[in-house]
Amino acid sequence: HPSLPQTALLDGIRRALPDTHIVVAGLLPRGKKYLSRDFDWPNQLSRNIEIVNSQLRGWAEDGRVDDRFHSTFVDCGWSVMDPTMTNLDPRAMPDGSRLSAEGLDRLSACLEPAVSAGIVVGRARVAEGVARAKAREATQVLRAAKAADEAADRAAALADDAAALADAADAV
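About the criteria used
- Residue indices begin from 1 for each chain and proceed along its sequence in written order.
- Local features in this predicted model are restricted to residues whose pLDDT is 70 or higher, and side-chain atom pairs enter the listing and the counts only when it is 80 or higher, whereas totals over whole chains, interfaces and linings include all residues.
- With hydrogens and water excluded, all non-hydrogen atoms of the structure serve as input to the side-chain values.
- Think of it this way: any DSSP run of H or I at least four residues long counts as a helix, any run of E at least two long counts as a strand, and we number them from the N terminus.
- Each residue is placed in one exposure class: buried if its accessible area under a 1.4 Å probe, protein chains only, is under 20% of its type's maximum, exposed if it is over 50%, and partly exposed if it falls in between.
- Note on contacts: a residue pair is in contact if any heavy atoms of the two residues lie within 4.5 Å.
- For every accessible area listed, the method is Shrake-Rupley and the probe measures 1.4 Å; residues are considered covered only by the protein chains on display.
- Any carboxyl oxygen of Asp or Glu that lies within 4 Å of a side-chain nitrogen of Lys or Arg is treated as forming a salt bridge with it.
- Among buried residues, those of type Ala, Val, Leu, Ile, Met, Phe, Trp, Tyr and Cys that are joined through side-chain atoms within 4.5 Å constitute a nonpolar core.

## Points about the overall build of the protein chain
If you tally the helices and strands in the protein chain, you get 3 helices and 4 strands. Here the protein chain, with 172 residues, has 30% of them falling under the buried criterion. For the protein chain, long-range pairs separated by at least 24 residues make up 62% of all intrachain contacts whose partners lie at least 6 apart in sequence. As presented, the protein chain carries roughly 11000 Å² of accessible surface, and 60% of it is formed by carbon and sulfur atoms.

See the structure below:
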């Protein structure tokens, strides 16, 4: 995937916390100019937002580790659009750039399924890790028990040998 500052950050998180499920949210549509109250979409920023989102989506889809996804890309751009999906909704993004309380609620509703799925996946990974740790511990206990049995058998054999030698010494 092409290198973006965002993907470098995400790669660092993936290396530092390999079992973490990362939810990557795409860039939201925005007005033509910062704080412009311009709600036309698409506009001159559309193509750049699409390019960045495509790169972020590619990074998230490359997030396979042991054939499991550790990242999910979510495009919530639709959540700030008006019902016709042709303009930004001023109720969600009143100044064309920043989210209102309603916009944040919409974004939250869009992200919630991916975050919840990541939590479920995370809990399953934790349970899997605990199960592996318990299995390793059980293997160590079994090895120790086997070693103890072998030591007890060896001690019994030595005791038998000592008793036989004592009997032989008494007979002399």
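## With respect to the pattern of salt bridges
With the rule as written, the count across this model stands at 6 salt bridges. Across the pair Asp89 and Arg91 runs a salt bridge, and its minimum N-O distance is 2.6 Å. Residue Asp89 is joined to Arg106 by a salt bridge in which the shortest nitrogen-to-oxygen separation is 2.8 Å. Here the residue Asp89 occupies a position in the loop between β4 (71-74) and α3 (101-171), and Arg106 occupies one in helix α3, the gap between them amounting to 17 residues. Of the two residues, Asp89 and Arg106, neither departs from the other in class, the shared state being buried.

## Digging into the nonpolar core
Core analysis: the biggest nonpolar cluster contains 14 residues, and Leu28, Val74, Cys76 and Val80 have the highest contact counts within it. Looking at this core, the element that brings in the most residues is α3, giving 4 residues. Contacts of Val80, omitting those with residues within four sequence positions, involve Leu28, Pro29, Leu88, Asp89, Ala92, Met93, Leu99 and Arg106. Of all hydrophobic cores here, the second largest spans 8 residues; its members include Val24, Val52, Leu56 and Phe73.

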